Each structure stands twice: as C-alpha cells, then as structure tokens.
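# Examination of the molecular architecture
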Amino acid sequence: MIKNKALPGKIPPYALFFVLYISRVIVSLTNIQSVSVGKVNTRLLLSIVLGMVLTVVLSLPAYFCTKTDNLLQRNKFISLLYVVYYVYFCGVNICRFSYFAASRMSVTKPVIFFVVLITIAVAYCSSLGIEAVGRFGFFCGLIVVAVVATVLVLNIHSFHAINFFPLGDSAQNTVLMNALIFCSNSNEPVILLALGKRTNGDIARPYFGSVIASFFSVLLLIAWSIGVMGSGATMQAYPVFTLFQLASIGSFSRLDIVHVAFWILALLVKASVLVLSAADCIGSGAKKSVILSFVCGAIAVGIVQFLGTDITEIARWVSIVGFVIFALVLPSVFLFIDRRKKRETL
C-alpha cells in the first residue's frame, strides 16, 4: 500500500519537517543578537532549552486547531489579521538579511538594494506554489543539516570547555526572558495553521520533531560559538557567522560564504512559506502570492527608511505579543467554541 501519495496543492510530512526546521533555525543562527538580550554565555544555552520546552507546550492549541475546520478562513476579519501577521514577519526577515548583506557582503550597496533583490526572488518562489516550495525546502534542509555538522567538526580543534565558565552574571538573570523571546520568535505554530491542511499525512511527528531538531541545532552552534570564542562571542554582531569565518579545511579558510549561501536559501524558503500562508488566508493563487510578496518588500523598505536598527527592540516585543495572540489565544478561543458547539449538538 502506498502511503502519502502525492496530491496537488499538498506537501509530504518530511517536507513539512524541513520547512519548519529551516524557519526556526534561520532566526536564531543568523540573528541571535536580535532575538536575545544580555550576553552570549552559558545562561543563553539554558534559555534555548527552556525555549524549546515552552514552544512545544504552547504549540498545542495551534496543533489541535489544525484538526478542526480551517481557522484561517472561518472569519474574514480574523483572516486579515493573520495576513498582517504573516506579511509583517516576512518583511522583518527580509529586512534582517538585507542589513547583514549591506554590512558584510557588499558595503557599497545600500540596504534597499538587497531588499528589492530578495523581494523579487520571494515573489518568484511563492508564485510556484506550496508543492515547489516544499521540495525546495527539503533540498535546503538537507544542506543546512550538512553545513551545521561541517562547521562543528571544523571548529572542534578550537573548542575549549573552560570558555563556558563563569556561567554568567547572576545579577542579571536573563534566562527566562531569553526563553520567552526564543519561543515567541517561533512563527512555526502560526505557520502550522496554514500548512497543517496542506500536508498529505500526519503532522504531529514532523512538526514537533522539527521544533526539537531546530532548537538542538541552535543549541549546538551557540555552544560552539561560546566554546571557540569565549566572552568574545558577545562582541560579535553575528557570532555564528564568525564561527564560519574561523573554520578552515587545509589551505581553504573562511567558510563564511557557505554561511551566506545557506542563509539566502533558508530565507527564500521561510519568506515564501509566510507569503503562501498569507495567501491561503484570502484564497490561494499565484497572483495573490506575488502581490503579497511585494507588500512584504514594501514593509521591509518602510522599516529601513523609518525605523532602521530600532526594529531590533521593537520586533522583540511585537513577536511576543503576536505569538500570544496568533499562536495561543485565537486558536484556544476557536477550540473552545468548537467544543461548545459539539456539546450543544449532542
């Protein structure tokens, strides 16, 4: 018997796993300073573990909500709110990479230049549909796993356990705050509301497996950053990027180009998924995906022009509020309403 037979407009469970894995990894590995407070030290590792537990537990309302009717299309007003959520975070992700590209890849090009390039690429990818993005996500996921394993192995000779001590400044305990930020920066529960109905098979194992695997990957890379650079990791705007720069294979050094390459691929996957999730709220279609992609680009341009680097602090609080509303409160309310209706019909 053939399981999970390919169906139009749907992706297999393994594609869901890699898409969500990439979605989580790209935020923490490339923008760890933007999604945390305090120093990069041993306490941050504890925050990552606690953040993983919180994400798993707080994802349950969204997960159970995928078992009912499509939440994203039940109410027009609620659907539009989810559209705003998806396009906002898509714009933020585009903006984050554009700032990195302008400061590390080509200092002669303005941030807006990279915003435009990425927006066009996302518009093209999202216009291909969820099936193509799922296959692309599977391919990119394998690359990301291989790259993470490679950079760990190549830096192991510079790893020193003594760098984990002292454990951190006890006067400024940021473990819980960082755990909340890590959890709230997880768009995956909200993305699951859109992709759950688009998955041809079981979603429990790929979803929760992706959360655990992605947090574990983040844990390893941050641990390696601390073990290799010690307190110097805090001074780096992109500590994982620096970790790639320190890696070498014989005479071939500075593997930062590999980091940039998989960041670009991962960004295209995540941004395309966010755009397709937004399009699903208002009726999917290639034209709507393209239009929403340019809306995301416009948001990124607006952030660059009017907020600049202030978006770092603003995004932290917006992500916490957004997670509570869209991943926890709304799914819980709809689950409560559904159960009440079922009881009344009995």
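Residues numbered from 1 in each chain as written. Predicted model: local features only at pLDDT ≥ 70, side-chain atom pairs only at ≥ 80, totals over all residues. Heavy atoms only, no water.

### Re the pattern of salt bridges
What counts, and what does not: Each salt bridge in this description consists of a side-chain nitrogen of Lys or Arg and a carboxyl oxygen of Asp or Glu lying within 4 Å of one another. Numbered from the N terminus, helices here are DSSP runs of H or I no shorter than four residues, and strands are runs of E no shorter than two.
Applying the stated rule across the entire model yields two salt bridges. With a shortest N-O distance of 3.4 Å, Asp280 and Arg198 are connected by a salt bridge. Placement of Asp280 in helix α11 (residues 256-281) and of Arg198 in the loop between α8 (188-195) and α9 (204-229) is noted, with a sequence separation of 82 residues between them.

### As for the nonpolar core
To keep things clear, this is the line we draw: Nine residue types can take part in a nonpolar core, namely buried Ala, Val, Leu, Ile, Met, Phe, Trp, Tyr and Cys, and a core is a set of them joined through side-chain atoms within 4.5 Å. Exposure is judged per residue with a 1.4 Å probe applied to protein chains only, and the accessible area is read against the type maximum: over 50% gives exposed, under 20% gives buried, and values in between give partly exposed.
The biggest cluster of nonpolar side chains holds 106 residues, and the ones touching the most others in it are Leu45, Ile48, Tyr82, Tyr86 and Ile222. Per element, the largest residue contribution to this core is 16 residues, and it comes from helix α4 (residues 76-105).

### Considering the environment of Lys39
Short version of the rule: Note on contacts: a residue pair is in contact if any heavy atoms of the two residues lie within 4.5 Å.
Mapped onto the fold, Lys39 is located in the loop between α1 (13-30) and α2 (42-58). Excluding its chain neighbours within four sequence positions, the residues that come into contact with Lys39 are Leu44 and Thr234.

### As for the state of the cysteines
Convention followed: Pairs of cysteine sulfur atoms within 2.5 Å are identified as disulfides in what follows.
Tallying each qualifying case throughout the model produces zero disulfides. Cys140 provides the cysteine sulfur closest to Cys125, a residue in no disulfide bond, and the two sulfurs are 8.8 Å apart. According to the relative accessible area criterion, Cys125 is buried, its value standing at 13%.

### Quick notes on helix α12 (residues 286-307)
Formally: Multiplying 1.5 Å by the helix residue count minus one yields the expected span of that helix. Directions pointing from the helix axis toward each C-beta atom define the arc.
The terminal C-alpha atoms of α12, which comprises 22 residues, lie 31 Å apart, in line with the 32 Å expected from a rise of 1.5 Å per residue. Residues Ser289, Leu292, Ser293, Cys296, Gly297, Ala300, Ile303 and Val304 constitute the buried set of α12. Burial along α12 is one-sided: seen end-on, the buried residues are contained in an arc of 150 degrees. Away from the buried face of α12 by more than 90 degrees, exposed residues Lys287, Ile291, Gln305 and Phe306 are located.

### Quick look at the packing of α4 against α12
Cut-off, in case you're wondering: Each axis is a line fitted through C-alpha atoms, taken for helices only over the stretch in contact, and angles between the N-to-C directions span 0 to 180 degrees. Roughly parallel means an angle under 35 degrees; roughly antiparallel means over 145; roughly perpendicular covers 65 to 115; every other angle is labelled oblique. Throughout, a crossing is termed right-handed when the near helix is turned clockwise from the far one, and left-handed when it is turned anticlockwise from it by less than a right angle. Residue polarity is assigned by list, with Asp, Glu, Lys and Arg as charged and Ala, Val, Leu, Ile, Met, Phe, Trp, Tyr, Cys and Pro as nonpolar; anything else, Gly included, falls into the polar class.
Two elements in contact, α4 and α12, have axes separated by 8 Å at closest approach and are oriented at 55 degrees. Judged by the inter-axis angle, α4 sits oblique to α12. By crossing handedness, the relation of α4 to α12 is classed as right-handed. Together, Val83, Val87, Tyr88, Cys90, Gly91, Val92, Ile94, Cys95 and Tyr99 of α4 and Leu292, Cys296, Ile299, Ala300, Ile303 and Val304 of α12 make up the contact between the two elements. When the residues that make up the contact of α4 with α12 are grouped by side-chain class, the tally is 14 nonpolar, one polar and no charged.

### Looking at helix α10 (residues 239-246)
Burial analysis of α10 places six of its eight residues in the buried class, which makes it a mostly covered element. By the burial criterion, the buried members of α10 are Pro239, Val240, Phe241, Thr242, Leu243 and Phe244.

### Some points on the packing of α2 against helix α7 (residues 175-184)
To describe two helices that pack against each other, one gives the angle between their axes and the distance between the axes. It is the contact of α2 with α7, at a shortest axis distance of 7 Å, that shows an interaxial angle of 45 degrees. When the axes of α2 and α7 are compared, the pair comes out oblique. The hand of the α2/α7 crossing is right-handed. Across from Arg43, Leu44, Leu46, Ser47, Ile48, Leu50, Gly51, Leu54, Thr55 and Leu58 in α2, the residues of α7 making contact are Val175, Leu176, Asn178, Ala179, Leu180, Phe182 and Cys183.

### Observations concerning the side chain of Asp280
The following threshold applies: Whenever two N or O atoms come within 3.5 Å, that pair is a polar contact, provided that in protein one can donate a hydrogen and the other can accept it, and provided that, for residues adjacent in sequence, both atoms are side-chain atoms.
Take Asp280: its relative accessible area is 8%, and that puts it in the buried class. At 3.4 Å, the side chain of Asp280 and the side chain of Arg198 are in polar contact.

### Quick look at the side chain of Asn93
As for its position among the elements, Asn93 is in helix α4. In this view, Asn93 contacts Val27, Leu267, Lys270 and Leu274; residues no more than four positions away in its chain are not counted.

### Considerations on the environment of Ile212
Tracing the sequence through the fold places Ile212 in helix α9. C-alpha of Ile212 to C-alpha of Met52: the two residues are 160 residues apart in sequence and 6.7 Å apart in space.

### Some remarks on the environment of Phe244
Assignment of secondary structure puts Phe244 in helix α10. Distance from Phe244 to Val258, taken between C-alpha atoms, is 7.8 Å for residues 14 residues apart in sequence.

### Digging into the packing of aromatic side chains
Ring pairs (aromatic) are described by centroid distance and by the angle formed between their planes. Put simply, the rule reads: The criterion for an aromatic pair is that two Phe, Tyr or Trp rings (for Trp, the six-membered ring) have centres within 6.5 Å, with stacked assigned to planes under 30 degrees apart, edge-to-face to planes over 60 apart and tilted to the rest.
Evaluation of the coordinates by the stated rule reveals 16 aromatic pairs. Between Tyr14 and Phe138, the aromatic rings sit 5.0 Å apart at their centres with planes inclined by 70 degrees, giving edge-to-face as the arrangement. One end of the pair, Tyr14, is in helix α1; the other, Phe138, is in helix α6 (residues 130-154), and 124 residues separate them in sequence. By relative accessible area, Phe138 is classed as partly exposed at 31%. An angle of 80 degrees between the planes, with centres 5.0 Å apart, marks the rings of Tyr88 and Phe89 as edge-to-face. Considered together, Tyr88 and Phe89 belong to a single accessibility category, that of buried residues.

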